[in-house]
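As a plain string of letters, each chain reads:
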Amino acid sequence: MPQYNRSDLSGKVLTVKGPIEPSQLGKTICHEHLFIDFRVVYQDPPYKKDIKKSLEKVQLNNLGWIRNFWNSNKDNLLLDNFDDALDELNDFKNYGNSIVEVTTMGSIRLKNHEKLIKSLSENTDINIITGSGFYVDNSLPDFFENYNVKILSKIIEDDFFNPKNKISSGVIGEIGCSFPLTKNEKKSLKASAIAQEKTGASIIIHPGRNENSPFEIIEFLKKVNANIERVIIGHIERTIYSLKKLEELASEKVFMNFDQIGIESSYYPLNNKSYMPNDYQKIKFIKHLIDSGYSNKILLGHDIYSKHRLKKYGGHGYSYILEMIVMRMITMGIMQKDINNMIIENPKNILTL
């Protein structure tokens, strides 16, 4: 017997502690990693003289360097300390109520990931909604190549209704995509679309690092009959740099997740020919979308995946949007009702099955 039937969960939000009413979500941050092994993106430092810094622990005397070359320090890319996560979430509790944790299956997950997440939720009373599915091609689990789309979709579906450890996922994603899409990533997207239909869940997308990537993904999802209005395109700020492209994406009726708020270093090592806008620029893009009538399609997050962004290590922490950015948004002319859409109403929409 499955732990849940779809009829049991219709109209509910599925957290790691079980289903809740959407009204219980409160202020919600929609894209985070509480535990992750993100060494899949490790690159040697651009200067050979700095290679020893790749093996150092994160500390005050190398923090400035790590903030710039954050993916060139292996310790920085590993969030595996329960006490650190507990401290950060207890801080978040002063500002918000719920977090969407999107560390999907494969090499980026710790072995006991789900149990750690549930324990965090039990110790803090924060609602945590975890993601199911698969990240980018080079992080896929060993079984992926040997399973067809039907089996992969059933694995995602079981994460909701019949999880092996009785800890359910409540959203699909983040589903990792490159540009152009690889064969395996298309397989992952198709499995996600089938699981979306079976579960009634939303799909959170990690797009490739190209302005055309979200559109390639959307066209593919349309072909496999995904519900596009229940698709969230993440990482908007490092992917789309023009208002014209932003409006084109918004017209597709997808949700748009500005989920890298707090990254203020313009140098973007994963695409060093590009750049990361600062938070002022991100807010300007968000305001443009709101002024164009899309405040019901915007979500917010930090996408914390490294030590240097935790408060313990001199970073902004999971509370940053609610603690500091909301105030800046109001100063820049964004109305409270639109802020409530982004941090309360829109998360309720995407997380309600």
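Further up the page is the structure itself.
What you see is a predicted model, and the numbers here were worked out from it, not measured in a lab. Every residue gets a number counted from 1 within its own chain, in the order that chain's sequence is written. Local features in this predicted model are restricted to residues of pLDDT 70 or higher, and side-chain atom pairs are both shown and tallied only at a pLDDT of 80 or more, whereas totals for entire chains, interfaces and linings draw on every residue. Heavy atoms throughout the structure, all of them, feed into the side-chain values; hydrogens and water do not.

Trainee: Would you mind going over the packing of helix α5 (residues 149-161) against helix α6 (residues 183-199) with me for this structure?
Mentor: Geometrically, a packed helix pair is captured by the angle between its two axes and the distance between the axes. Packing of α5 against α6 brings their axes to within 8 Å, and their N-to-C directions diverge by 45°. Judged on the interaxial angle alone, α6 and α5 are oblique. As for how α5 packs across α6, the hand of that crossing is right-handed. Note on element contacts: α6 touches α5 through Lys-187, Lys-190, Ala-191, Ser-192, Ile-194, Ala-195, Lys-198 and Thr-199, opposite Val-149, Leu-152, Ser-153, Ile-156, Glu-157, Phe-160 and Phe-161. The axes used here are C-alpha line fits, helices contributing only the stretch in contact, and every angle between their N-to-C directions lies in the interval 0 to 180 degrees. Working definition: helices are DSSP H or I runs of at least four residues, strands are E runs of at least two. Numbering for both runs from the N terminus. Relative orientations are named as follows: roughly parallel for angles under 35 degrees, roughly antiparallel for angles over 145 degrees, roughly perpendicular for angles from 65 to 115 degrees, and oblique for any other angle. It is the rotation of the near helix from the far one that decides the hand of a crossing: anticlockwise by less than a right angle makes it left-handed, clockwise makes it right-handed. Residue contacts follow a heavy-atom distance rule, with two residues in contact if any of their heavy atoms lie within 4.5 Å.

Trainee: Hey, could you run me through the packing of α6 against helix α7 (residues 213-223) in this one?
Mentor: The interhelical angle for the contact between α6 and α7, taken along N-to-C directions, is 50°, at an axis separation of 10 Å. Our classification of the angle between α6 and α7 gives oblique. The two elements α6 and α7 cross, and the hand of that crossing is right-handed. Mapping the contact onto sequence places Lys-186, Leu-189 and Lys-190 in α6 and Ile-217, Phe-220 and Leu-221 in α7. When the residues that make up the contact of α6 with α7 are grouped by side-chain class, the tally is four nonpolar, no polar and two charged. Polarity classes work like this: nonpolar for Ala, Val, Leu, Ile, Met, Phe, Trp, Tyr, Cys and Pro, charged for Asp, Glu, Lys and Arg, and polar for all others, with Gly in that last group.

Trainee: Please clarify how the layout of surface pockets should be interpreted in this entry.
Mentor: Any empty space left between atoms is shown by rolling a water-sized probe over those atoms. Here a cavity means grid points, on a 1 Å grid over the protein atoms only, where a 1.4 Å probe fits yet cannot get out; a pocket means an open set of points with protein on both sides within 12 Å along at least five of seven lines; lining residues are those with an atom within 4 Å of a point. Grid points are joined across faces, edges and corners, and a volume is the space filled by probe spheres set on the points. Roughly 560 Å³ of internal volume is contained in the largest pocket. Around the largest pocket, the lining comprises 19 residues; the ones closest to its centre are Met-105, Arg-109, Glu-114, Asp-159 and Lys-164. At the level of elements, α4 (113-124) and α5 are the ones that each hand at least two residues to the lining of the largest pocket. Among the elements that line the lining of the largest pocket, the one with the most residues is α5, at three residues. A class-by-class count of the residues in the lining of the largest pocket yields seven nonpolar, six polar and six charged.

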